[in-house]
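Survey of secondary and tertiary structure
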2 protein chains.
Amino acid sequence: MGKTPVMADVAKEAGVSHQTVSRVLNGHPNVRGETRTRVMAAIDKLGYRRNLTARALATRRSRTLGVVSFDTTLYGPASTVYGISQAARQAGYFVSIVSLKSIDRQHVRDAMAYLGDQGVDGIVVVAPQRAAAGVLADLPRGVPVVAVQGGGADGVPLVRVDHFEGGLAATRHLLELGHQTVWHVRGPTGWIEAEAREEGWRAALSAAGRRIPEPLQGDWSPAAGYRAGRILAEEGASAVFVSNDQMALGLLRAFTELGVDVPGRVSIVGFDDIPESEYFSPPLTTIRQDFAAVGRGSIEQLLRRIEGVETLPPLVVPPVLVVRGSTSGR
Amino acid sequence: MGKTPVMADVAKEAGVSHQTVSRVLNGHPNVRGETRTRVMAAIDKLGYRRNLTARALATRRSRTLGVVSFDTTLYGPASTVYGISQAARQAGYFVSIVSLKSIDRQHVRDAMAYLGDQGVDGIVVVAPQRAAAGVLADLPRGVPVVAVQGGGADGVPLVRVDHFEGGLAATRHLLELGHQTVWHVRGPTGWIEAEAREEGWRAALSAAGRRIPEPLQGDWSPAAGYRAGRILAEEGASAVFVSNDQMALGLLRAFTELGVDVPGRVSIVGFDDIPESEYFSPPLTTIRQDFAAVGRGSIEQLLRRIEGVETLPPLVVPPVLVVRGSTSGR
DNA sequence: CGAGGTATTGTTAGCGCTAACACATGGCGA
DNA sequence: TCGCCATGTGTTAGCGCTAACAATACCTCG
């Protein structure tokens, strides 16, 4: 008949028991070569595909990993999630993604419950906000979790880019070019990476014994960068480290509008290296994050965790300074 | 004991049969109110959560939808997928996403098999390339499919933005500003939306009886736009319709470098309205796509399809012209 | 030549849920 | 009073797979 064949059908076709079919499918060693080929032929002939739902029920393993992320239309999260899913696929896992509009405790918890119900073997939480990190404390029943780009919690392995180091490198670069001090446009409060970048900036200035100007508050958007740019133009800033590339674009726009030459009068360093940055006017000097490495690392940590390894040191991915045309010496 | 409770545990706790628990959970009408509360209390007390894998096996419905998409780090696909998953969640479905690096027949087919094995109830294919559309012809066994932003196939419902109309509107806008003709930087061959935008551009020029210049070939990247920009500067183009905003950024960069004023000497219209466009220098006039509407529409069509509705007319979402600073009159 | 392996296959019993039917009640009209 | 039906609940069989054990056959070695 026309319905999809099941294992029993294959078994009958090949003249063996369904269990032998299962053995062939699972690469069990103790199957005679001749039997194996016969089963394979039957599978081919019937166009059989194994029912993974039934398999998951029987094995209590779904071979599916869950990913919880915040706003996947942003370049950073999107790239991270992409890196994660590529790595998961490579490792033979399916991926189920929940993309949240806002990260508050309740939403993250719901998302994890949602994934837990679905029977995922583990969860990667892309939780760059402090609020989300808190949720990790009350883990769902027995599902291993890895936190990415965020704050860890007790017993939750962490994978992240070294944002502190990035802030440090960006600021040092500007100081080495001869700027007296470096201003900073930071990301929204509550974002761990924003805070770490700011700390790196402060550390670099402190180490060089320079004045630390009051940082300007941003929210990642170009609009916020634009506003900050207008203020900085008035302040007569000569060097600015901006916490992401989109805001840096806003600064560029503001400076262009006001006739302030970049990098002639002001040097700017961004963060992320979005694909557009290279074609800003001028091309943006920025800090590149290796999202693929973060993805691979998080899956690796998660799989280790699933296999029962207890504590894992946080995996920290180094960022890279990419020098382009938006920075120059005094 | 410490293991997760199953339905039978709840039943015992509430002093009913497991089937009654099932009835309560599924909102079956014929359950006495008092029984219902007793069961609910037991569920609460034990912290019971229903095993969706078992449910899926028994019902042969997973309440999960699959999404196949191309490069979700691009703004367009990312936004589309986001819209789709929001809409799916709203409708009470889980979403499983496969993000492909390249769309060729084989990859798309693999992805669909992968999702099919996982037992999804339906699949949304974000397939903007002609090659992908071909695959839809050989559907997987009985799983409903909806195509998004791409080319349809027989019997596959389609949801897309009206790219032709977008190209038309962009070109008309430039003609109305008094430009003699409009050049075009198109997207990569094989992309249906690129072709539709180009057709819209051609149609507008034809209708106005203007010369149709040879379109320049792009690949969506700012780098391609930059190359096109250098050529167009040489050609002395006064108006350009670029098939996406990233390439338009490349053009802006090229013109800035060459000292060609935008919009003084050249007017530019992009496509997509990425978040950055508003802060380009000058802010980019572009065609906005409503990705959320596409997402909602595709889920709606897919659910209809799952419920057995046979043929559905393609859903076409109108684009919107957003006028900013990159266009002006002659 | 028989005890004790070792490959190879089959049989049985679940995984946790829902569907379908069976079985009690109790109310109502004839 | 009896039969009939609606209402509520329990019982039984799966869904399609794997795990665990059982049952063969075939060796090997002393």
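- Chain A goes by DNA-binding LacI/PurR family transcriptional regulator in an unreviewed UniProt entry, where it is assigned to Nonomuraea soli.

1. Description of the packing of helix α1 (residues 7–14) of chain B against helix α2 (residues 18–25) of chain B
All names here are of chain B.
- Running from N to C, α1 and α2 point in directions that differ by 100°, and their axes come no closer than 8 Å. Compared by their axis directions, α1 and α2 come out roughly perpendicular. Counted together, M7, A8, V10 and A11 of α1 and H18, V21, S22 and L25 of α2 form the full contact between these two elements.
- Considered class by class, the residues forming the contact of α1 with α2 number six nonpolar, two polar and no charged.

2. Thoughts on the UniProt feature "domain: HTH lacI-type" (unreviewed entry) in chain A
- The sites that carry the UniProt feature "domain: HTH lacI-type" (unreviewed entry) are, in the present numbering, residues 5–59 of chain A.
- Taken end to end, residues 5–59 of chain A is 69% helix and 0% strand, and its two terminal C-alpha atoms sit 21 Å from one another.

3. Describing the protein's contact with DNA strand D
- For DNA strand D, the set of nearby residues contains 27 residues, the closest of which are A:M7, A:S22, A:Y48, B:R23 and B:T35.
- Within 4 Å of the protein, the atoms of DNA strand D are drawn from sugar and phosphate moieties in a proportion of 61%.
- At 2.5 Å from a phosphate oxygen of DNA strand D is found a main-chain nitrogen or oxygen belonging to A:M7.
- Counting only elements with at least two residues in the surface near DNA strand D, the list comes to α2 (18–25) and α4 (52–59) of chain A together with α2 and α4 (52–59) of chain B.

4. Observations concerning the environment of B:R63
Residues and elements named next belong to chain B.
- Mapped onto the fold, R63 is located in the loop between α4 and β1 (64–70).
- For R63, a relative accessible area of 30% gives the class partly exposed.
- For the pair R63 and V95, spaced 32 residues apart in sequence, the C-alpha to C-alpha distance is 8.7 Å.
- Not counting chain neighbours up to four residues away, the residues in contact with R63 comprise R55, A91, G92, Y93, F94 and D121.
- Looking at R63, its side chain comes within polar contact range of the main-chain oxygen of G92, at 3.4 Å.

5. Here's the deal with the interface of chain A and chain B
- Contact with chain A, which involves 48 residues of that partner, is made by 49 residues of chain B.
- At the boundary of chain A and chain B, one finds two salt bridges.
- The tally of links between chain A and chain B comes to 14 residue pairs in polar contact (both at pLDDT 80 or more).
- At the level of secondary structure, the elements contributing two or more residues to the side of chain A that touches chain B comprise α4, α5 (75–90), β2 (94–100), α6 (105–117), α10 (222–235) and α11 (245–258) of chain A.
- For the side of chain A that touches chain B, a count of residues per class yields 25 nonpolar, 15 polar and eight charged.

6. A few points about helix α1 (residues 7–14) of chain A
Residues and elements named next belong to chain A.
- Three or more residues of α1 are buried, namely V10, A11 and A14. Buried residues of α1, viewed axially, fall in a sector of 100°; they line one side.
- On its buried face, α1 sits against α2 and α3 (33–46).
- Phi turns positive one or two residues past the end of α1, at G15, with a value near 70°.

The rules we used
Residues numbered from 1 in each chain as written. Chains lettered and ligands numbered in written order. Predicted model: local features only at pLDDT ≥ 70, side-chain atom pairs only at ≥ 80, totals over all residues. Heavy atoms only, no water. Axes fitted to C-alpha atoms, helices over the stretch in contact; angles between N-to-C directions. Helix = DSSP H or I, 4+ residues; strand = E, 2+ residues; numbered from the N terminus. Parallel < 35°, antiparallel > 145°, perpendicular 65-115°, else oblique. Contact = heavy atoms within 4.5 Å. Nonpolar A, V, L, I, M, F, W, Y, C, P; charged D, E, K, R; others polar. UniProt positions renumbered as here; feature names shortened; annotations may be inferred. Near = heavy atom within 4 Å. Polar contact = N/O pair within 3.5 Å; in protein donor to acceptor, adjacent residues only side chain to side chain. Buried < 20%, exposed > 50% of the residue type's maximum accessible area, 1.4 Å probe, protein only. Salt bridge = Lys/Arg side-chain N within 4 Å of Asp/Glu carboxyl O. Arc of directions from axis to C-beta.

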